[in-house]
Amino acid sequence: QVHLVESGGGLVRAGGSLRLSCVASGIIGSINAMGWYRRAPGKQRELVAAITSGGRTNYADSVKGRFTISMNNAKDTVTLQMNSLKPEDTAVYYCNAEHLPFSSWGQGTQVTVSS
């Protein structure tokens, strides 16, 4: 079975940093891309950042310049370095792995940024 295990969430003050990590296992084929999504209370789920196996990245406008996404050489781990955190970054963050024709999700990790 496919597992995506997230870690690194927590409580941080505005201006602080957190580093999220997601490790995928049980995927038979290769991973085409991995990414992070988030859902804040009362808000729609949104893409935060994504990276392809070739290293191409995509960021939400709201996090550009503050967040950095990366993937390891084995293409099974994605990391999101979050700097200069703002209260509006507070959300549950979900890891996603695309392994065509499938897509898998982690269970989510809470990020809370206090003012």
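Reference entry: report on the structure contained in this document. It should be emphasised that the depicted structure is a prediction, and the values quoted were computed from it without experimental measurement. (Residues numbered from 1 in each chain as written. Predicted model: local features only at pLDDT ≥ 70, side-chain atom pairs only at ≥ 80, totals over all residues. Heavy atoms only, no water.)

**A word on the packing of aromatic side chains**
As a reminder of what qualifies: A pair of aromatic rings is counted whenever rings of Phe, Tyr or Trp (Trp by its six-membered ring) have centres within 6.5 Å, and the orientation is called stacked for planes under 30 degrees apart, edge-to-face for over 60 and tilted otherwise. Note on criteria: charge over ring means Lys NZ or Arg CZ within 6 Å of the ring centre, with the direction from the centre no more than 35 degrees off the ring normal.
In this structure the tally under the stated criterion is 1 aromatic pair. The positively charged end of Arg45 is found above the aromatic ring belonging to Tyr37, 5.8 Å away from the centroid.

**Focus on unusual backbone geometry**
Apart from glycine, the bulk of residues carry a negative phi angle, and the bulk of peptide bonds sit in the trans form. What counts is decided by this rule: Only DSSP runs of H or I reaching four residues or more are called helices, and only runs of E reaching two or more are called strands; each is numbered from the N terminus.
In this structure, the amide linkage connecting Leu100 to the following residue, Pro101, adopts the cis form with an omega of 10°. Within the element layout of this structure, Pro101 appears in the loop between strand S9 (91-99) and strand S10 (102-105). A positive phi angle, close to 65°, is found at Lys75, a residue other than glycine. Turning to its location among the elements, Lys75 is positioned in the loop between strand S7 (67-71) and strand S8 (77-82).

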